[in-house]
Each structure stands twice: as structure tokens, then as C-alpha cells.
Amino acid sequence: MSHAHPTTPAFKSNAHDALANANLQTALRNARGHFVDKRTAAAARVDTFEQIRDAGREMKNHTLAHLDLYLEEYEARVTAAGGHVHWAETAEDARRIVLEICRSVDAKTVNKGKTMISEECGINDHLAANGITPVETDLGEYIIQLRHEAPSHIIAPAVHVTVPEIEAAFRKAHSHLPPDRDLSDNATLQMEARRILREKYFQAEVGITGANMLIAETGQSVIVTNEGNGDLSQSLPRVHIVMASLEKLVPTLDDASTVLRLLARSATGQDMSVYTTFSSGPRRTQDPDGPEEYHVVLLDNGRSNMVGTEFQEMLRCIRCGACMNHCPVYQAVGGHAYGWVYPGPMGAVLTPSLIGVEEGGQLPNASTFCGRCESVCPMKIPLPKMMRHWREREFEKRLTPSAARYGIALWAFFARRPALYRFGTRLGMKALRRMAGGRGRLASLPLGGGWTGQRDFPAPQGKTFMDQWKEKRG
Amino acid sequence: MPKPTVALFVTCLVDMFRPSVAFATIKLLEQAGCRVEVPAAQTCCGQPAWNSGDTKTARSIARQVIAAFEGFDHVVAPSGSCGATIAKDYAQMFEAGDPWAERARALGAKTHEITSFLSDVMGVQGVTARLEAHATYHDSCSGLRSLGVREQPRALLGTVEGLKLTEMKESEVCCGFGGTFCVKYPEISNAMVGDKTRNAADTGAELLLAGDLGCLMNMAGKASREGRPMKARHVVEVLAGMTDTPAIGEGE
Ligand code: SF4
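Residues numbered from 1 in each chain as written. Chains lettered and ligands numbered in written order. Predicted model: local features only at pLDDT ≥ 70, side-chain atom pairs only at ≥ 80, totals over all residues. Heavy atoms only, no water.

- An unreviewed UniProt entry lists chain B under the name (Fe-S)-binding protein, from Paroceanicella profunda.

- In the nomenclature of an unreviewed UniProt entry, chain A is known as Lactate utilization protein of Paroceanicella profunda.

And the structure:
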């Protein structure tokens, strides 16, 4: 599955397939609740969690209001440390820049720490098409690379895969290992992946990582991992490329610590990730290790167009994934149904911003507006409100399906004329009651097949309330 | 102290499908010492248009509701969802400076969901109802997250004589109704409501309560299709002691 061709418009049929996929449903059910309970507990361990959320929101709002300034400061620091900042306006630019850097050192293999930006830019396919082998070093990413899939979650990319499926992928890919070896649980699978990846670390000429933050004050990039693969991918190869989008900027080290206090707690329910790595440029003469070259590819890809619009708040996102962990729609269908890099509520807002509402318009509609995402978002991003803004744009552009448009128009015609509305509801309820014939419910409804396919429809109790009230009060 | 006058916002679903919920609400309000009026110009709160991105239509319906309800001391709805639309969303529909923005805000400030109104505004500590039953309570999303309705219905239900309340797993997770969502994405909606009825049934309770008729129709419809021996009722029916009517979706 490649991200070059979004399947976002097919959300509904993707969801249908996902619901019918027994393995996927097992995996989703196993994961469910796990992140939720751990996040609740982690948040409760900090008395001031709410204040830290507010501080994070304010800090990010400030940064976004002065983004140009902080970007300049950041670039100056990186350059002073001997690194290079490359500005990529589009995904295409980013692909070109990364390939040029890899070619300049004649790279055959590129190690990758987990980076969603590289997914957004389709880096793996692009490298492979140009004769360079990308190797994912995050265990989850490695699994889905073997399965030729895209991540289905921004922090747990293989959350949709069951243990037996991983075992099958490993046996197929690692065919040189003894076929009778035990691969029955997480631990044995992890050990095998670790052994294989350890060899790969030393082959790569280039290491690509993402960045959870870029710090303007120090010119550092920060990544958090639980496997330490980020450190190895960036310190062993000759060249380190950081791929980051520009909203990852924070002004100071202190601000970075605010984000770190929110990130792991919201994401996995840990107080801190196991590894938090700050990189400050290429190796200096006195350093024992580190890359000879340090490049940062700063991706815009439509983000600067969001600044100053009703979608600006989305740029506060720190990619913790809490919104998807808590989203009942995501829990039902998984991340691939969303059809592009970013799933769940954050994707429902971000995806149309990046690939257009024509492509991504289904996603903001695939929400009940239950508000659970907003209530757990560490940056207090009003996700449902922004999904509604997308629906508004869709409606203005007349992209809303015509059945829905006519439905609303018809309903609104009556809703604005109370007397007619009374008349209509009286007749309608009478008809429904007759159809139910005293059974209290309807097993099928004309035009309501969606509902009655799998649920009964409760019948009206009797006359409408307004009619009864009128009779009572005269 | 003069009796406060409360305008009842019936909600379109209650008006059409379950008038007993409106009568129970009126009874509770009167027991709490309110005078209740039912403005005749009401239809629906406009949420379907608002949530579909048809802001212009939503605004015109909001104006109608504001004009019909702003003259009362309080507005009360037996629904957290419609209550939140009036209390929170209306103010966002109008540009700053539009005189309707201020009227919307003022109406929003005095609009409440019924259990929250009884507890938080009228200071009602308990009810006189009685029901021998084992129940579980579903937190409907808007009431819970937009209006902070969580403890109020539980506290009031706790005073119903004979009623045992058991919490279900994930009581605060959406049931999949979501207004137009259940029609636009019936399969996903069905998966969500299936989880809900399972969690509810796992408590051993035979009665499922909630504060929103939309969620209740969804959950009752699913439980009935699954053949679960579970009844669904709006929480006010129990609080008002009006449980002699058939439950939602139940035959006569
Ligand atoms: S929107 Fe909020 S909850 Fe979702 S990934 Fe971003 S920061 Fe986390």
C-alpha cells in the first residue's frame, strides 16, 4: 500500500472491508482499552496535567504566531553547528532533496527511524525506485514494511497486525533461519527482529529520522522512541537526515520539556519514552561518534496555508495519537480505512488540509462528534469543531452528496414552519405507528435500510407530544 | 420567591417518538417548583444542519429558537445533545458584532439539560420515585463532554427507591448514533452500538438508561434485533416514576 495514491474518498468501502476483516478486528480489540487506561493513569500521576496542557497550547499558539521568526532562528543555529537546512515546499521537493543527499554519498541502504513525514512524502517508494534500499528500524514499521503496508497508526504503526500474522511475515522474510524456531510470542519475535536489524544498522550509509520537535533556541531536533532505534539510525551512518514538518518547532529547551511532559503520557501512558534523543548537528572533532553530515529537510506541504485560517489550531498537534486511541470510529475500522498517512480524528482534520477537501472530504464526515478526541488531546485542539469547518467548506463547494443536501433542505423547510411541521410529523408518526402495528418497533423502514439492516427502529409511542399538549391545554 | 418559569424544549425526537419523556420532564420540573411553558413555535434545534456544514440554515433555525425562547427564566431540554446545541453552538453561529450573537449567548447561558438543571440550578437532592430494577447508565456524548452531565443523573438515580445501578465498561464511549452519522455510516454505527449493547448486557442489568432519545433509540433498536432481554428508557421516566408505559421499542 502506497501513500502516493490516497484512498480517502473510498473511506466507506474501506471501512466496510475493515469491519469484515476478522484478523484486523481481533487486533483492534486487543489494543483497545490498553492505551486508554494507561493514559488515564499517567495523566492522574501528575497533579498539574491540566496546567501543562494549557501551557503547551499557549506555547504552541505563540510559536505559530511568530513562526517565521523561530524558523529563521532555528536555521541559523543548525547552520552554525555545521548542518544544512533544506526547505521543501512540497512532498515532491522533499523526495528530490533526500534522493540528492543519498546519491551524493552513493548510498545503497538507508536506515529509517520512524517518521510520518517520510510516509507523507512517499520516501521509501522513491528510494526503492531509484535503487536504494530503505530499511525500517522501528519494530512496528519493520513489520509493516515486510507486509508491504502503510502504518495504520502514527505511534503504533502495526497495531492492526496480530501475533500470528507477524510470525508469518517473519518466517517468509527470514527464510535463512531454522524453520523450527519458536516465534510464538512478542518476546521471541522482538528478539529475532532485533538480531536482524542489528546487522542492518552497520550497512547503511544514510540514516533518516523524524523529529518530535525542533528547538529554535538550540537548533536541535528531538526524537523519542522506546526501542532506541532512533539513536542507532542517526549515529551510525555517515549522513543523518532529519525529516520534519515546520510546525514541529518550539522556541526553547524549556518549551521542549513542556511537550515531552505531555507526549508520552498522552501517547502510550508512559511518564517518559524510554529514549529521548537530542541531536545538534554533525559530529565535532572531539565527538566519539555521530554522522559526518547533518541535514534537515523542513517540509511545508500546505501547512503554511493553514496559518491564519480556522485550521491553524491543528498545527499545535504533537502527534501523540491519543485522539485515535480514544476514537470509537478509529477503534471500529482501524487506520488504513482512512486511506492516507494520518488516521483518526487528527487525520480527519489534517488530511483535507494537506491533500484537499475534494480528496479528503469523507474523513471529517466520518465522526459522530462525540468529542472524546478533544477531551484527551494534550494540546486541546478542538478537533470536532474543525471537522465541522471542513463540512462547511464541503457544503459551500457543493461537494456534500445531493441526497444529504436535499434531505436537509426538505427538513429545514418544515423546521422553519412550525404549523406545517406539526402537520407533517402528525401524519408521519401515524403512518409509522400503523406500520409497526403495536409491535413497538419496525424491522424495516422505507429509505431507512441503513438503520434497519442491523437494528430495529423503535416506533412512535402515540400522538406527538405537541398534539397531546395542545389537547390537554386547549 | 416567585416560581421560575421554564420553557421546555421538547426536542424533535421526543415530540415525535416518545412524548412520555416530555411529560416526565414537566413533572420533574413542577416537582422542583418551576412553572413550565411549552413555546409553540419550536420544531428542532437545527443540529442536523449545523453538523452537516449548512451553517446558513442552522443560523436561520437558531434565530427562530432564540426568538421563541429568550423571554423565559430558563430553557430546559430532556437531551444533552439538543441542550448543548442551544447552550454552546448557537453562539458560534453568528459573527461577532451581529446582534444575534449576543442574544444567542444570553439564551445559551440559561439553557440546560434536565438532570443538570434539577441538580445544579434547582438544587434538587433526590426524587420520590420507586422502581424495583437493575439498571446501567450510558453517558451520552454531548451531555457528558459539552455540558458536564455525569454525576447529576447518577446522584438522582441513586435516590430512586429499589433501583440498583451498575456501571458498564466504557459507559462514556459513543453509542454510534451521532445524528446523521448513523444514516451516513450505518455499518460503523452498527459496530459501535453492538459494543455498547454488549457492555451494557455484561453488567447483568435489565434496564438501560440514558439522557438522550437518539442514543436510546439506537441502543434499544440494536438490543431488540440481537434479542437481548434488555429494556431502554430515558432517565427522566425513571426519575419521575413514570415507567408504566412500554419501554422504548417494546410492544404494547
Ligand atoms: S490531535 Fe491532539 S490527540 Fe491527536 S495526535 Fe495531535 S496532539 Fe495528539
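What about the overall build of chain A?
Then, in step 1: Scanning chain A from terminus to terminus reveals 24 helices and 12 strands.
Then, in step 2: Principal-axis analysis of the C-alpha atoms gives chain A an extent of 95 × 60 × 45 Å.
Then, in step 3: Expressed as a percentage of its 474 residues, the buried residues of chain A come to 57%.
Then, in step 4: In chain A, the proportion of contacts linking residues at least 24 apart, taken out of those at least 6 apart, comes to 73%. (Helix = DSSP H or I, 4+ residues; strand = E, 2+ residues; numbered from the N terminus. Buried < 20%, exposed > 50% of the residue type's maximum accessible area, 1.4 Å probe, protein only. Contact = heavy atoms within 4.5 Å.)

A short note on the site of the ligand
Then, in step 1: Around the ligand, the neighbouring residues are A:C317, A:I318, A:R319, A:C320, A:G321, A:A322, A:C323, A:M346, A:C377, A:P378, A:I381 and A:L383.
Then, in step 2: Tallied by class, the residues present in the shell around the ligand amount to 10 nonpolar, 1 polar and 1 charged. (Near = heavy atom within 4 Å. Nonpolar A, V, L, I, M, F, W, Y, C, P; charged D, E, K, R; others polar.)

Section: the pairing of strand β4 (residues 206–209) of chain A
Residues and elements named next belong to chain A.
Then, in step 1: Across the two faces of β4 the burial is the same, with V206 and I208 and G207 and T209 all buried.
Then, in step 2: Of the pairings in the sheet, the one linking strand β2 (residues 109–112) to β4 comprises 3 bridges and is parallel in character. From the neighbouring strand, N111 faces β4, where its bridge partner is G207.
Then, in step 3: Where β4 and strand β7 (residues 239–245) come together, 4 bridges link them in parallel fashion. Bridged to T209 within β7 is V242. (Pairing = 2+ DSSP bridges.)

Focus: the sheet that holds β4(A)
Two pairing modes exist for strands in a sheet, parallel and antiparallel, and in both the strands are linked by backbone hydrogen bonds.
All names here are of chain A.
Then, in step 1: On the basis of which strands lie adjacent, the open sheet formed by 6 strands has the order β1-β10-β7-β4-β2-β3 and parallel pairing. Pairing within the sheet leaves two strands with one partner each, and these edge strands are β1 (84–88) and β3 (133–136). Neighbouring strand axes in the sheet, compared pairwise and without regard to direction, differ in orientation by 25° on average.
Then, in step 2: Bridge count for β1 against strand β10 (residues 293–299) is 5 bridges, and the pairing is parallel. What sits directly across from H86, in β10, is V297.
Then, in step 3: Packed onto the sheet, helix α5 (residues 67–80) meets β1 and β10 and runs at close to 140° relative to β1. (Axes fitted to C-alpha atoms, helices over the stretch in contact; angles between N-to-C directions.)

What about the packing of helix α16 (residues 344–355) of chain A against helix α20 (residues 383–396) of chain A?
All names here are of chain A.
Then, in step 1: With their axes 9 Å apart at the nearest point, α16 and α20 run at an angle of 35° to one another. Judged by the twist between their axes, the crossing of α16 over α20 is left-handed. Here α16 contributes P345, M346, A348, V349, P352 and S353 to the contact with α20, which in turn contributes L383, M386, M387 and W390. (Left-handed = near helix turned anticlockwise from the far one by under 90°.)

A look at the interface of chain B and chain A
Then, in step 1: Facing the 69 residues of chain B at the interface are 63 residues of chain A.
Then, in step 2: Across the chain B/chain A interface, buried area totals approximately 5700 Å², and carbon plus sulfur atoms make up 58% of it.
Then, in step 3: For chain B, the biggest contributors to the area lost against chain A are B:F17, B:Y185 and B:R225; these three give 12% of the whole.
Then, in step 4: Linking chain B with chain A are 5 salt bridges.
Then, in step 5: Here A:R32 ties to B:D195 by a salt bridge, and the two come within 2.7 Å at their closest N and O atoms.
Then, in step 6: Counting across the chain B and chain A interface gives 36 residue pairs in polar contact (both at pLDDT 80 or more).
Then, in step 7: Going through the elements one at a time, α1 (12–17), α2 (19–31), α3 (47–51), α4 (55–69), α8 (141–147), α10 (181–184), α11 (186–202) and α12 (213–225) of chain B are the ones with two or more residues in the side of chain B that touches chain A. (Buried area = accessible area lost by both parts, 1.4 Å probe. Salt bridge = Lys/Arg side-chain N within 4 Å of Asp/Glu carboxyl O. Polar contact = N/O pair within 3.5 Å; in protein donor to acceptor, adjacent residues only side chain to side chain.)

Regarding the confidence of the model for chain B
Then, in step 1: Confidence along chain B averages 97 in pLDDT terms, with 100% of residues attaining 70 or more.
Then, in step 2: Both scores are available for the predicted complex, with the pTM at 0.95 and the ipTM at 0.97. (pLDDT = per-residue confidence, 0-100.)

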